[in-house]
Structure formats: C-alpha cells, structure tokens
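Understanding the architecture of this molecule
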Amino acid sequence: AYSNFKRDITHARIKAGSVKMLSESATVGGGRNYVSLIVVDDQGQPFPNVAVKFSANNSASITPMAVSNNAGEISGFDVELTSDKSGVVTVTISLN
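A brief report on the enclosed structure follows. (Residues numbered from 1 in each chain as written. Predicted model: local features only at pLDDT ≥ 70, side-chain atom pairs only at ≥ 80, totals over all residues. Heavy atoms only, no water.)

Secondary structure summary: the protein chain contains 0 helices and 9 strands in total. Order of helices (α) and strands (β) in the protein chain, N terminus to C terminus: β-β-β-β-β-β-β-β-β. Counting only residues that meet the buried cut, the protein chain has 27% of its 96 residues in that class. Relative to all contacts within the protein chain whose residues are 6 or more apart in sequence, the contacts with residues 24 or more apart total 57%. Accessible area of the protein chain: about 6200 Å², with a carbon and sulfur share of 50%. (Helix = DSSP H or I, 4+ residues; strand = E, 2+ residues; numbered from the N terminus. Buried < 20%, exposed > 50% of the residue type's maximum accessible area, 1.4 Å probe, protein only. Contact = heavy atoms within 4.5 Å. Areas by Shrake-Rupley, 256 points an atom, 1.4 Å probe, with all protein chains shown as cover.)

And the structure:
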C-alpha cells in the first residue's frame, strides 16, 4: 500500500537569519530589490511547497506570493520589490 503523508503547514517557519534583501542599491523610480528566505520545519529541515505571502508599505510594489522550492528556498529573483517613492519600506512576510 502507498501512503502519501503531507506535512502540516503549522510546523513551517522562516529560518532565523535567512531573510535577505538582495541588490540593496535600488534607486527611486526604477531600481529593484529582491527578497530571499528559507522555510524550514520544527527540526530545521527544508520545507518545500509552502506558499509565502509578501506585502510592503510606503506605496512599494512587491510580488504578492511565491512557493518554496525543494530546498525550502524562495529565490531572490522570485520576489521583486520596487518603489517610486523615497523612504523606508517595511516588507511583511507570512506563511500561508
């Protein structure tokens, strides 16, 4: 008999220290930043296929969702952040 066990999303976490902002030299009016992170389970093992939601303030535009790969990673090029306004932008990340 074949059993397919699906991992419980309540055990998914963003790995401490894994959230990175790439290409931080973005400029107002066309510059781009990219967000990357790693999703793990309670034991620190990679957690693939987790939907991760992103939002940003200060009129910034961000990719709204990405799915972790087999290594639990959200590649920096999967999540793009742009803004036409100067100032600090806060990115909120949640697991779905």
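In this section: the pattern of salt bridges. Under the criterion given, the structure shown has 1 salt bridge. In this structure, the salt-bridge partner of arginine 13 is aspartate 42, at a minimum N-O distance of 3.5 Å. Of this pair, arginine 13 sits in strand 1 (residues 13-14) while aspartate 42 sits in the loop between strand 3 (32-40) and strand 4 (51-56); the two residues are 29 residues apart in sequence, bridging distant segments of the chain. You can call arginine 13 partly exposed: its relative accessible area is 41%. (Salt bridge = Lys/Arg side-chain N within 4 Å of Asp/Glu carboxyl O.)

The analysis is restricted to geometry; functional conclusions fall outside its scope.
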